[in-house]
Amino acid sequence: MREVLLFSAGLDSFPAWHYLGKPPALYFDIRHYGRQQEIDTVQALASAHGMDLTISNELDLSAWATPQGDLIPFRNVLFAMLAGFRADVVWCVGVKGDHTADKSPEAFIRMSEMLTAFAGRPIRVDSPFWNMTKSEIVAWYLEAGLPVNDLLQTFSCATPEDAFAHCGRCPSCLRRWIALTNNDIAGHFASPPWTWDRIRAYYLPAMASGGYPPHRVEEFRRAMATVGVFPEPPR
Ligand SMILES: [Zn+2]
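So, how was this worked out
- Residues numbered from 1 in each chain as written.
- Predicted model: local features only at pLDDT ≥ 70, side-chain atom pairs only at ≥ 80, totals over all residues.
- Heavy atoms only, no water.
- Domains from an automatic or database assignment.
- Contact = heavy atoms within 4.5 Å.
- Buried area = accessible area lost by both parts, 1.4 Å probe.
- Salt bridge = Lys/Arg side-chain N within 4 Å of Asp/Glu carboxyl O.
- Polar contact = N/O pair within 3.5 Å; in protein donor to acceptor, adjacent residues only side chain to side chain.
- Nonpolar A, V, L, I, M, F, W, Y, C, P; charged D, E, K, R; others polar.
- Pairing = 2+ DSSP bridges.
- Helix = DSSP H or I, 4+ residues; strand = E, 2+ residues; numbered from the N terminus.
- Right-handed = clockwise from strand over helix to strand, strands pointing away.
- Donors = N, O, S within 2.8 Å, 3.2 Å for Na, K, Ca; no water.
- Tetrahedral: all angles 85-135°; square planar, octahedral: opposite > 155°, others 65-115°.
- Buried < 20%, exposed > 50% of the residue type's maximum accessible area, 1.4 Å probe, protein only.
- Axes fitted to C-alpha atoms, helices over the stretch in contact; angles between N-to-C directions.
- Core = buried A, V, L, I, M, F, W, Y, C linked by side-chain atoms within 4.5 Å.

K.L.:
So what about the domain arrangement of the chain? Which residues, and what values?
P.N.:
As far as domains go, the chain holds domain 1 (3-126) and domain 2 (157-225). Using C-alpha coordinates to define each centre, domain 1 is positioned 23 Å away from domain 2. Counting residues at the interface gives 13 residues for domain 1, matched by 13 residues for domain 2. By the criterion of area lost to domain 2, the three top residues of domain 1 are L11, Q37 and K96, representing 44% of everything that side buries. Where domain 1 meets domain 2, there are two salt bridges. Here R216 makes a salt bridge to D98, at a shortest N to O gap of 2.9 Å. Here domain 1 and domain 2 share four residue pairs in polar contact (both at pLDDT 80 or more) between them. A breakdown of the residues in the side of domain 1 that touches domain 2 according to their chemical character gives four nonpolar, six polar and three charged.

In structure tokens, the structure reads:
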């Protein structure tokens, strides 16, 4: 059985690589905004850790990317299809509560069925972390005795301001900050994520009205409390 891990340089996929026993890793350079920081990061992590890494240029999705770093619709389907050429098990890292159209347990089951039917052999698309939150993934990583410095080398910002600077003003930075803070790790951000205006304008009302799963709200509240902000609990 061949397996491959879709590697993104982010806070989830580096722990996933350890968690899965260091499988071959595949990064798609889709020519999106901020790609150079990601490429530099995956190359640095790969050479520091003896990772079997492929950087693929099979997909140029720049026509569908935005400077705001919005997610490209069903890009994970495209990744899974190309990964299916290479492997029978395609690890694509989703975490507990992920529910975008192309990243959820149900979406991955549909992709597995589709790829299996077209390929004529069983192909499974799956995540090792469906039952773990980002904070729990970082906790697992630390409990495994893996170095904090390596984790901080990961890169997960949709709209980086310059090389390796997490902006602190995007959903990816907010989630990174929450996961690090809940594990007593100080991340580096160009501006403090907890002061991002979207928190008051969007996240707090959305959470108060039940728009987020309870575990995400709890982890958000726990992180915010460390900086003296105590959001209202959801009704
Ligand atoms: Zn950011």
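K.L.:
Explain the pairing of strand β1 (residues 3-6) to me, and be specific about the residues and the numbers.
P.N.:
Along a regular strand, successive side chains alternate from one face of the sheet to the other. Note: β1 against strand β4 (residues 89-91), three bridges, orientation parallel. Within β4, the residue paired with E3 across the bridge is V89. By the bridge criterion, two bridges tie β1 to strand β2 (residues 25-28) in an arrangement that is parallel. Residue pairing across strands places L5 opposite A25, the latter belonging to β2. In this fold, the crossover linking β1 to β2 by way of helix α1 (residues 13-19) has right-handed handedness.

K.L.:
Please provide a residue-by-residue account of unusual backbone geometry, values included.
P.N.:
Although it is not a glycine, A9 sits at a positive phi angle of roughly 80°. One can find A9 in the loop between β1 and α1. Even without being glycine, D184 reaches a positive phi, approximately 60°. Relative to the helices and strands, D184 is located in the loop between α7 (171-181) and α8 (197-208).

K.L.:
Outline the coordination of the zinc ion, listing residues and values.
P.N.:
At the metal site, the zinc ion is ligated by C157 (SG), C167 (SG), C170 (SG) and C173 (SG), and these contacts range over 2.3 Å. Seen from the zinc ion, its four donor atoms lie at angles of 102 to 117°, and the figure they make is tetrahedral. Mapped onto the sequence, the donors of the zinc ion take the spacing C-x9-C-x2-C-x2-C. Taken individually, C170 and C173 each receive the classification buried, so the pair is uniform in this respect.

K.L.:
Which residues make up the sheet that holds β1, and what values do they have?
P.N.:
On the basis of which strands lie adjacent, the open sheet formed by five strands has the order β3-β2-β1-β4-β5 and parallel pairing. Sheet topology places β3 (53-56) and β5 (124-126) at the edges, where each strand pairs with a single neighbour. Along the sheet, successive strands turn relative to each other by an average axial angle of 25°, direction set aside. Its contacts with the sheet place helix α3 (residues 75-86) against β1, β2, β3, β4 and β5, and it is angled at close to 140° to β2.

K.L.:
Run through the nonpolar core, naming residues and quoting values.
P.N.:
Counting 49 residues, the largest nonpolar core has L5, F7 and I199 as its most contacted members. Those elements giving two or more residues to this core turn out to be α1, β2, α2 (35-49), β4, α5 (134-143), α7, α8 and α9 (214-225). The element contributing the most residues to this core is α7, with six residues. Shared between two domains, this core holds at least three residues of each, these being domain 1 (3-126) and domain 2 (157-225). Counting 22 residues, the second largest nonpolar core, distinct from the first, contains I72, F79, A107 and M111.

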